[in-house]
Amino acid sequence: MKAICTIITKSHLHYAQVLHKSILRFMPDIHMHMLIVDTIESERPKTLERASAYTNEIITQSELGKKIYDKYYQKNMDHYRWSIKSVFMANLLEKNVDQLLYLDSDLFFFDDPTFLFEKLINKGILLSPHFRCSDPSIDYNEYGRNNTHGLFNGGFVGASKNGIPALNWWAKACHSVCEVNKKAGYYVDQSHLNMLPVLFEDIGIIRNHGCNVANWNITGSPRSQKNGEVLLNGQDKLVFIHFTSDTIQGILNGEDPLLKPYLDEYEKALMEEMPSMMPFKIKKPWYQKLV
């Protein structure tokens, strides 16, 4: 059984639903498992279409999950959400899911993701490179972020049942340390992913530059247009965009103009799901607010 999952707070439920709908256009039967970390059992949504909602009980029923909950939940909710990603995925795979994609709720798919599941047939884990600048002579600072922010993006991680040992290792590493300390080599849960291809043999890496398109790979995945179609790195069709706040701002202020129609589609989908949402707008840098 193939499935997708995400971890959210209840304020981001509409983001998760929009993400799900973007994939349902290509995979009509795909089921979403969503963990809502600030919802108690009595508030858990129970009538979601082709989706299941969970509370922290699914995390704390395991010894390691309980340790992560105790360490991070009250101290830093973001660190908690990132640290339990692998615990949640392993729990689902240990039950009736055979292949699973973890997706941040601010992703949106514009093309069929079926090939991502196919890549998991003989792999335990599937990782998505940031595709940052690979030449320090072109962009010194962005190249350096390969070392300070991790080679792979934690907003997308695929796994099969064979990947459970790697997920368990990732969970233990996150329990030990989940922090931003670039001098020491830590960037929350992401920096740990660098070790997976070293420690485990069945690690797949997405080579398609059309996956996880975002502000961090403007240089590493150059955008172009051919016959009205946007291509990444001169050859790959756009599959999904990671609409972080920085990605959105870069599109709005003209740094990434070819992605503007895709942002418009994403904004329309969000506003249909939550009509009270305000349209995206350019945010002034802090120093301009003083003028």
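Check the entry above for the structure.
Residue positions are counted from 1 within each chain, in the order its sequence is given. In keeping with the model being predicted, local features are shown solely for residues with a pLDDT of at least 70 and side-chain atom pairs are shown and tallied solely at 80 or more, while totals for entire chains, interfaces and linings include all residues. As a convention, hydrogens and water are excluded, and side-chain values are obtained from all of the structure's heavy atoms.

**Q** What is the right way to look at the pattern of salt bridges in this model?
**A** Opposite charge on two side chains permits them to pair, given that their charged atoms come into close proximity. One speaks of a salt bridge when a side-chain nitrogen belonging to Lys or Arg is within 4 Å of a carboxyl oxygen belonging to Asp or Glu. Under the definition given, this model contains 14 salt bridges. As a salt-bridge pair, arginine 223 and aspartate 256 come within 2.9 Å of each other at their nearest N and O atoms. Of this pair, arginine 223 sits in strand β11 (residues 223–226) while aspartate 256 sits in the loop between α11 (245–252) and α12 (260–273); the two residues are 33 residues apart in sequence, bridging distant segments of the chain. The burial state of arginine 223 is the same as that of aspartate 256; both residues are buried. Counting from the N terminus, the helices are the DSSP runs of H or I reaching at least four residues and the strands are the DSSP runs of E reaching at least two. Burial classes: relative accessible area under 20% of the type maximum marks a residue as buried, over 50% as exposed, and values in between as partly exposed (1.4 Å probe, protein chains only).

**Q** How should the packing of helix α1 (residues 13–24) against α12 be read in this particular structure?
**A** Axis angles are defined between N-to-C directions and span 0 to 180 degrees, where every axis is a line fitted to C-alpha atoms and, for a helix, only to the segment in contact. In contact at an axis separation of 9 Å, α1 and α12 are set at 125° when each is read in the N-to-C sense. On the basis of their axis angle, the class for α1 and α12 is oblique. Note on packing geometry: the crossing formed by α1 with α12 is right-handed. Packed against α1, whose contacting residues are His14, Tyr15, Gln17, Val18 and Lys21, the element α12 presents Tyr266, Ala269, Leu270 and Glu273 at the interface. Throughout, the term roughly parallel applies to angles under 35 degrees, roughly antiparallel to angles over 145, roughly perpendicular to angles from 65 to 115, and oblique to all others. When the near helix sits turned anticlockwise from the far one by under a right angle, the crossing is termed left-handed; a clockwise turn instead gives a right-handed crossing. Here, residues are in contact when the closest pair of their heavy atoms is within 4.5 Å.

**Q** What's the story with the packing of aromatic side chains in this structure? I'm lost.
**A** Centre-to-centre distance and the angle between the planes together describe a pair of aromatic rings. Pairing of aromatic side chains here covers Phe, Tyr and the six-membered ring of Trp, requires ring centres within 6.5 Å, and sorts the geometry by plane angle: under 30 degrees stacked, over 60 edge-to-face, intermediate tilted. In total, this model carries twelve aromatic pairs according to the counting rule given. Here the aromatic rings of phenylalanine 108 and tyrosine 266 are separated by 5.3 Å at their centres, their planes lie at 65°, and the arrangement is edge-to-face. Linking phenylalanine 108 in strand β5 (residues 107–109) with tyrosine 266 in helix α12, this pair joins segments that are 158 residues apart in sequence. The class for phenylalanine 108 is buried, based on a relative accessible area of 3%. Looking at tyrosine 266, the relative accessible area reads 1%, which means it is buried.

**Q** Explanation requested: the sheet that holds β11 in the structure shown.
**A** Backbone-to-backbone hydrogen bonds pair the strands of a sheet. The strands run either parallel or antiparallel. Taken in spatial order, the three strands of this open sheet run β11-β12-β13, and their pairing is antiparallel. Where the open sheet ends on each side, the last strands, each with one partner, are β11 and β13 (236–237). Here two bridges tie strand β12 (residues 229–232) to β13, and the two strands are oriented antiparallel to one another. For leucine 231, the partnering residue across the bridge sits in β13 and is lysine 237. Any two strands with at least two DSSP bridges between them are considered paired.

Read these as layout, nothing more, since geometry by itself doesn't imply function.
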